[in-house]
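Chain and residue survey
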Amino acid sequence: MSINTVMVIGAGQMGSGIAQVCAQAGFSVYLNDLKQEFLDRGLSVIKKNLTRQVDKGRMQAEEMEKVLANLIPSTSLEDAKQVDLVIEAAVENMEVKTKIFNQLDEITPAHTILASNTSSLPITEIAAATKRPEKVIGMHFMNPVPVMKLVEIIRGLATTDEVYQAIEDMTKQLNKVPVEVEDFPGFVSNRILMPMINEAVYTLYEGVATKEAIDDVMKLGMNHPMGPLTLADFIGLDTCLYIMEILHEGFGDDKYRPCPLLRKYVKAGWLGKKTGKGFYEYA
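Below is a summary of the structure that appears in this document. Fair warning: this is a prediction, and the values are worked out from it, not measured in the lab.

So, about the sheet that holds strand E1 (residues 5-9). One open sheet accounts for eight strands, arranged E3-E2-E1-E4-E5-E6-E7-E8; its pairing is mixed. The open sheet has two free edges, formed respectively by strand E3 (71-74) and strand E8 (177-181), since each of these has just one partner strand. Neighbour-to-neighbour, the strand axes of the sheet open up by a mean angle of 25°, direction not taken into account. Relative to E8, strand E7 (residues 150-155) is paired through five bridges, and the arrangement is parallel. Residue pairing in the sheet places isoleucine 154 in a bridge with valine 181 of E8. Sitting on the sheet, helix H6 (residues 161-173) is in contact with E1, strand E4 (85-88), strand E5 (113-116), strand E6 (136-141), E7 and E8, with an inclination near 175° to E7.

Right, let's get into the pattern of salt bridges. According to the stated counting rule, one finds 14 salt bridges in the structure shown. Residue glutamate 88 pairs with lysine 97 through a salt bridge whose shortest N-O separation is 2.4 Å. Lysine 97 matches glutamate 88 in its accessibility class, with the two residues each being buried. Salt bridges sharing common partners tie together Glu88, Glu92 and Lys97.

Criteria and cut-off values
- Residues numbered from 1 in each chain as written.
- Predicted model: local features only at pLDDT ≥ 70, side-chain atom pairs only at ≥ 80, totals over all residues.
- Heavy atoms only, no water.
- Pairing = 2+ DSSP bridges.
- Helix = DSSP H or I, 4+ residues; strand = E, 2+ residues; numbered from the N terminus.
- Axes fitted to C-alpha atoms, helices over the stretch in contact; angles between N-to-C directions.
- Contact = heavy atoms within 4.5 Å.
- Salt bridge = Lys/Arg side-chain N within 4 Å of Asp/Glu carboxyl O.
- Buried < 20%, exposed > 50% of the residue type's maximum accessible area, 1.4 Å probe, protein only.

So this is what it looks like as structure tokens:
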């Protein structure tokens, strides 16, 4: 099962990062989004990242040009007719994802593997929107994609060993470390990370300590590079809430109940760094 050409759907932070590492590994990459302006923004971020590598002497200018030449902008899913693998990195919403996968199932050749970069949604449910559930798999990259080594590879109920092996091999070609994970809510990363963040929010909500003190305890006491409340701001409080709701619904256990303060901030539009205000304020 050979992978030469890839389509990445979604030119946002995750999608552009995935497209960059695929292009750097020598794959031909269609970067797809709904509008040209979204593509332009994503390609601009990729070029900025690569230019920084050239400036630091980690990459030659000629190498950067080769990577950029591997990227093909696309505003039509019909371009997926020519690819061996699609990696979907659209918004974290089941309705949106199943619609995309249903369309891809009709457009792509029979051999094409359909992967989702979902951070928490069930791969088996996404696969059910297609007539090829055996070729559907999860590839959960970590943010920022060009820097972080881990990729959680999630098998759906029907995913074949051949498809899993092809994705594991390709992940290694991207200079990433694949970790096999079963299809449970939140997988491994968010099943552990999000309850920790949620508990930090509860600690603030209950007045146990200030936000700065909570973050300092985890940074200086547990050697975390970033405190949980700062990390929540960087991830996006709406994303944290959404994943906690998936965990709560998926397991039916009150230990995953989102903190009321997290809900309050999201309703206020205080979503973290992307809106300029979350637990902290950003210029």
